[in-house]
Amino acid sequence: MGSSEPQILCIFQDNTLPERLNGFQSQEDNLAIEYLPWDDRVEVKGKIKDSPFRFDVALLQVPDIKKIETLEIVAVIKDYYRDIEIVYISVSDDRFFVKPQQPLPGYRAYQPLVCAEIFHLLSFFCRQVQSRRERQMLEGLHKLTLGINEKSVDLTDILKLTCRTAVEIMKVDHSGFVIYEKDLSSGRVAAEFPSILGDEAVEIPVDGIEREEKLVFKKEHIDIQNLMEDTTLNEKLKAIYQRWCIRSILIVPVVLNQKVIASFSLDMMQKCRHFYEDEIEFCRKLAAHVALAIGNARHLKEISVLYEIGLALEEQSVQTGDIKKIAGSIRDKAAQLVDVKNFFLISYDEKRDYYEFLFHQDEMDVISTIPQEIMRNSFSAYVIRQKKPQILRPKDIDYLMEKGELKRVGHESKVWLGAPLIARDRVIGVMSVQSYTHEEAYDEHDLTILSTIAGQAAIAIDNYRLLQDLRQQLLQINALYDATKVIMQETPNISGLLEKIVREAVEFSRAQAGQFISYDSARKVFRVVFTYNLDELKGMEFAPDEGMISQVIKTGKGQFTNDYFNESYASGKLDIPEFRAKIQGMVQVPLQWEGNIIGILVMTSRPGDNRVFSQVDVEQLEQFARPATIAISISRTISFQQALLQSNPEAIIALNNKGKITEFNHTSEQIMGYRKRDILGKFMGDYYYDGLEETRRMKKILDEGESNGRPVKDIHAGVKGKNGDRIPILFSGAILKDEFGQRIGSIGLMRDLREITQIEQEFHKQQAILAELESMPQDSSIKELQGLKDHLRRMLEKTCQSCRLKYMVLFAGIAEKDTVLQPVAWWGLPEDIVSNQPLFNWRKTELLPRTGDTEMDIRQEAKIITEWLPNEEWRKRITGGIRGQNKDYFQGLACGVPVRLADNYRSLLVFGPFIEQNDLMKMEKFLKNIALVINMRAMSWLQAIYLQARRKETENALELVTHRARMYLQQITGKFSLIKQKVDRGTPAADKAQEGERLALHTARVIKHVLCGQSAEMEREDYTFQCHSLAALVHNCAATFEERARENKREIRLDDSIDNLPQAEVDDRFLSVAIGYLIENAIKYSFEETFIKIFSTYDLKTATIIVQDIGEDMDDRARENLIKPGKRWTMSARARQIPGSGFGLWESSVIAVAHEGHVDFFSIPYKPVQGRPAHQVKVWLTIPLKQEKGNLSGKRR
Amino acid sequence: MTVQRKRRTIFYFEDDVDCINEVVNILKEQYDIILAAHWPVIKIKREFPFDLVIIDLMIHRFSIDESGQEVENISFEGISWKRTGVDFLKRIRIEEYVEFGFSKDVPVIIASAVVDYNVKQEAHNLKISHYIEKPFTLGEIQEVIRKILAK
């Protein structure tokens, strides 16, 4: 058909119109129109008023309602009285032409009417049709939108739906979509309706085809009326059109984000015409909808793909141990959304300003290694500096290059996209793509996509690195945990730990060798204490200011170098060929604990092993050093605790909650006899001597202690030794709890009481011996030396037997300054030794200066000898002091204990060897006591015997003289008596005889009083009592002795109470002597650098003067010996004939008694003075203030 | 007939004759006095006991008697010469010398120059009638003897 021919085909319908027209009411008078659904056609039914004709009008297709003149209508006019006639009505140019195919009878008469009616009808009809078509288009778009929304995920479905909608609404034969490649170089048919291509992949080229380029790049539609005449088509396309008989075609571009992504075509096979504006407009609308749908679908897909990328990268970053693989995976994922023909993934280390290619793919350039300096001016570096995604086209690149912001690397690209990889606010790399062909290859949307992928990639890379760090840390922790576990469970051997640490560190840091350098605080040097793979270094020492160590100490931080021997701080010790061949790089990190460097961990690399150390290695090794430091400290603490535990002098046993033994230290082993390894894990109850009963008792005690909050201390118990014996112990213990307060066991300290018990028994035995010795009766027959010797021999015998000694000898000197002592008593010596006994010479002991004197300077030399010590030195000196014949016999003596009497060493008790082994240290006090008892007994009796002997001599002499004198006087008296008898009384001769007799008697009395030394009571008449101030008297006495006290390094302190003393009737001369003796006595027996206090008390009847000193003790024996017996020896003492001490008290006592008073003393222990045991001694003299006249026979003035 | 009372007999146990001779000579005017300290004089059996014994406590081993001869005085084994008088008295009290005129209860005067209080005390314990210290006067001894013999 030509272009003027009707375009609508006439279709006949069935004969059911009459029925369907029933009830039909036209809105107008003569026309009833009913719209009936019938396929996709519109029908108009009506009847012509007042005529037998009724008609059905079927409007088949109205391509363009506005162009009604081209409308062709098939109207069916029926004569209900006859057969149906078909009338063909053509409407054109506002004129109706009815061409009956078969003339109807009577039709002509009605023809004008029919035509008018039809015209009228069609006018209305056309309006309806136009409206309907518009509605159909809207509905079509609506349906399409709904369809798009419903099928938004699957783009192909959307496209197919669009094609179908277009075909249905536009009444075209075929519709299709071509989707273009991202670079718009070509397209492919993505959807069509109805399907004429099937599965055939049809590619539509763009480049070089004017029509397509116009469409793609200029975004203009293509309306071709007759394809066969189109010369712009290529042959392939033309063949396709011919094959499918496509004659006319309308193509509109599908534009998304200013970019043609596809084209939408409407094809007509039957007709050959241009498309109307409304058709084009509708197509554009459809294309816009589809673009939107495609955009949404793409967006959804992008989101989906990005999500998948995120998941995949996350998974890869966790599972893959190779960053390059992850980078490749990132590229593959990115390829789903952007063109990655040229793709780069670069990592960037901000601290080091270091670039590294993780992945690269380029069409033009082959990238191997780009120097860092060039990389720092690259596009990637620009993106990293800007920290924002960048899209750079030639003009942008030129501008930035002019500004010096960047330099081109490689071939010139049309468009370059780069997005920074940002993780945790740090730029860790850049991802970029570029196109060498089209500027339009990438747009802003691609940059967004790339940024999004870069974000995911950054997270993945960062995760990977974090994970690697975590893995590394985990490895380190595991290694340290294993090392610590080994230490805790097996041995606290610090060297084992160091080995572990160094080995782990070497492995961890991929070094060739490692060392641990420890600080020797005593010598103040650093010493290599452990080496791994470089044993030549072991034991080498470095000063704190030497080598890299000095840098580490100075900064307190780790140091590294990759060329040790070219560094200024390289230690000269290492600069020898041997080490030069083995050391290239070095990392040193300090191990710091509580602010102190306890060691340095050193990693080294060998020349040629390509191990390059960096700051990262230092940091990693420092991280490694922290747990290592803790482990070392723990190990040291454990070692220390273990050492403490094992070396503890007390037995320590720890139990768990089940009563099983978990710790058993060395002392426990020694006490109980079991080995630790044999007893660990055993039930403690089995080792109590009383078994379960004792176990329960101990548990109860511990529980009670726990609940009362009081420590369990010094509980007596008994454990079972290995030999089954009961071992008495003193138990102290506590419940052990963990950090949550849960009871985890108990710990107990045991003290072995066996030795204490033994010591106690020994002590009691010694006490008994001492008591026995002390209580040995002092034989009243000891009046001469032999008696004393016998007595002492018995004491020595007793001692030897009790102490199981081989022999004992007592050396003593009678004179107080003798340096040579004689054997006074002995026991256990062989006869030949007894017959020729040696002497003891103090000078030969070398304890005294070699002055050669035979007398000791008491006050000077007593200091040198000090106290006896139970050591070998003293034993040798004592042995050396034994001189004379048979001295060698005494070489094996056990010890010699000297004893002082007053300030002098007057005797020495030699203990022979013990028959059994004995510890002199433990016996020291006992032996001293024995020596004291025996020596005191010996010396007191020796002195007594000596004194007695002297007294007897004196008495004998006095008695003889007295006796003789009296006898002579008796003779004189007798003669005077005879004269008196012979002469007469009253004569001068008688008087003279009487006078002579009286003088003789008086002479006898004088002799008696002067020479015979009567008792004090008998001398009272010699005292002259007078009223004197006691205060003045005491002051005078004290003043007299002040200088002497000073010379002897004593100080006399006079108490204020002295000033309060009243007056009394005393003999001031004698009382001064008495008080003077008290003070002299105090000076003599007090210790140096002490003071002597004089004070007083008085009441109405008596006054007491007290002299107090700090020094030697005075006991009851002194009271017995020094005061009471003194009465008889007063005269001798006064004559200073008797050596020794203590006679002052006798004097004082005599004088006090003469004053109706008395002298006494009191002694209490005092704190040690100059290392010697001291006593506070108070000696007092009490006299009555008013003395009864009748009691006194002395003269009174 | 009036029987003249026999003169009283006194034994003076004294070794130093010289010192006491003057007094004894005067006393002999009133009493029969034997002055000696050596055995030959003492160990003479007597029919009548002495009326009084005067004892010196300290007796030397040797002395000169009234005739000027050196004599060996009494001494007791194990007893000091200073206590010979005491021991002699003890023996009198145990009737050791009764046959020689020393009766158990004879009054005894100690006349001594002894100073030792203990010896004095010991003598007192042997029931002495008086203790007189040398030197004493004639009057003193006469008074003491008179008083004792008058009892």
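Before reading further, recall that the structure is shown in the block above.
Residues numbered from 1 in each chain as written. Chains lettered and ligands numbered in written order. Predicted model: local features only at pLDDT ≥ 70, side-chain atom pairs only at ≥ 80, totals over all residues. Heavy atoms only, no water.

Enquirer: Pulling in residues and values, what's your account of the overall build of chain A?
Expert: Of the regular secondary structure elements, chain A holds 30 helices and 41 strands. Total accessible area on chain A stands at roughly 60800 Å², and carbon and sulfur atoms take up 50% of it. (Helix = DSSP H or I, 4+ residues; strand = E, 2+ residues; numbered from the N terminus. Areas by Shrake-Rupley, 256 points an atom, 1.4 Å probe, with all protein chains shown as cover.)

Enquirer: So what's going on with the overall build of chain B? Which residues, and what values?
Expert: Helix and strand content of chain B: 5 helices and 7 strands. Of all 151 residues assigned to chain B, the portion counted as buried reaches 52%. As presented, chain B carries roughly 7400 Å² of accessible surface, and 48% of it is formed by carbon and sulfur atoms. (Buried < 20%, exposed > 50% of the residue type's maximum accessible area, 1.4 Å probe, protein only.)

Enquirer: Explain the environment of Phe-976 of chain A residue by residue, including any values.
Expert: All names here are of chain A. Summarising the element assignment, Phe-976 is placed in helix H24 (residues 920-982). Phe-976 gets classed as partly exposed once you look at its relative accessible area, which sits at 22%. Here the alpha-carbon distance between Phe-976 and Arg-998, two residues 22 residues apart in the chain, equals 9.3 Å. With sequence-adjacent residues up to four places away left out, Phe-976 is seen in contact with Lys-992, Ala-993, Gly-996 and Glu-997. (Contact = heavy atoms within 4.5 Å.)

Enquirer: An account of helix H10 (residues 394-403) of chain A is requested, with residue identities and associated values reported.
Expert: Residues and elements named next belong to chain A. Among all positions of H10, only Pro-394, Ile-397 and Leu-400 are buried. Along the long axis of H10, the arc covered by the buried residues comes to 130 degrees, so they all point the same way. The exposed set on the far side of H10, more than 90 degrees from its buried face, consists of Lys-395 and Glu-402. Where H10 terminates, the next one or two residues include Gly-404, which has phi positive at roughly 80 degrees. (Arc of directions from axis to C-beta.)

Enquirer: Any details on the packing of helix H1 (residues 17-27) of chain B against helix H5 (residues 138-150) of chain B? Residues and values, ideally.
Expert: Residues and elements named next belong to chain B. Axis separation between H1 and H5 bottoms out at 10 Å; the angle between their running directions is 45 degrees. What the angle tells us is that H1 and H5 run oblique. Considering the relative orientation of H1 and H5, their crossing is right-handed. Contacts between H1 and H5 pair Val-23, Ile-26 and Leu-27 from the former with Leu-138, Ile-141, Gln-142 and Ile-145 from the latter. Counted by class, the contact of H1 with H5 contains 6 nonpolar, 1 polar and no charged residues. (Axes fitted to C-alpha atoms, helices over the stretch in contact; angles between N-to-C directions. Parallel < 35°, antiparallel > 145°, perpendicular 65-115°, else oblique. Left-handed = near helix turned anticlockwise from the far one by under 90°. Nonpolar A, V, L, I, M, F, W, Y, C, P; charged D, E, K, R; others polar.)

Enquirer: Any details on the environment of Arg-751 of chain A? Residues and values, ideally.
Expert: Its location among the elements puts Arg-751 of chain A in strand E27 (residues 743-752). Once residues within four sequence positions are removed from consideration, Arg-751 of chain A is found in contact with Glu-650, Pro-728, Ile-729, Leu-730 and Ile-756 of chain A.

Enquirer: So what's going on with the sheet that holds strand E38 (residues 1102-1111) of chain A? Which residues, and what values?
Expert: All names here are of chain A. As summarised here, the arrangement of the 5 strands in space is E35-E37-E38-E40-E39, forming an open sheet in which the pairing is mixed. The two strands at the open ends of the sheet, each matched to only one other strand, are strand E35 (1050-1054) and strand E39 (1158-1169). On average, each strand axis in the sheet is inclined to that of its neighbour by 20 degrees, with strand direction left out of account. As paired strands, E39 and strand E40 (residues 1172-1184) are joined by 10 bridges and run antiparallel to one another. By the bridge assignment, His-1158 is partnered in E40 with Thr-1182. Sheet strands touched by helix H27 (residues 1068-1085): E35, strand E37 (1090-1098), E38, E39 and E40. Its angle to E38, the strand with the most contacts, is close to 20 degrees. (Pairing = 2+ DSSP bridges.)

Enquirer: Lay out the side chain of Asp-87 of chain B with the relevant residues and their values.
Expert: Here Asp-87 of chain B lies in helix H3 (residues 84-93). With near-sequence residues (within four places) excluded, Asp-87 of chain B lies in contact with Phe-76 and Ile-79 of chain B.

Enquirer: Report on the sheet that holds strand E25 (residues 712-720) of chain A, specifying residues and quantitative values.
Expert: All names here are of chain A. Pairing is antiparallel in the open sheet, where 5 strands are placed in the order E24-E23-E27-E26-E25. Because the sheet does not close on itself, it has two edges, and the strands there are strand E24 (661-664) and E25. Within the sheet, the average angular offset between the axes of one strand and its neighbour, ignoring direction, is 30 degrees. Pairing of E25 with strand E26 (residues 726-737), which is carried by 7 bridges, proceeds in the antiparallel orientation. Residue pairing across strands places Gly-718 opposite Pro-728, the latter belonging to E26.

Enquirer: Describe the interface of chain A and chain B, naming the residues involved and giving the relevant values.
Expert: Think of interface size as the accessible area that goes away when the parts come together; that is how it is often given. Facing 24 residues of chain A, the contacting portion of chain B comprises 26 residues. Buried area between chain A and chain B, summed over both chains or domains, comes out near 2200 Å², and the portion from carbon and sulfur atoms is 59%. For the salt bridge of Glu-22 of chain B with Lys-975 of chain A, the shortest nitrogen-to-oxygen distance reads 2.8 Å. At the boundary of chain A with chain B, the tally comes to 4 residue pairs in polar contact (both at pLDDT 80 or more). Of all the secondary-structure elements, those providing two or more residues to the side of chain A that touches chain B are H24 and helix H25 (988-1011) of chain A. Here the side of chain A that touches chain B gets 17 residues from one element, more than from any other, and that element is H24 of chain A. (Buried area = accessible area lost by both parts, 1.4 Å probe. Salt bridge = Lys/Arg side-chain N within 4 Å of Asp/Glu carboxyl O. Polar contact = N/O pair within 3.5 Å; in protein donor to acceptor, adjacent residues only side chain to side chain.)

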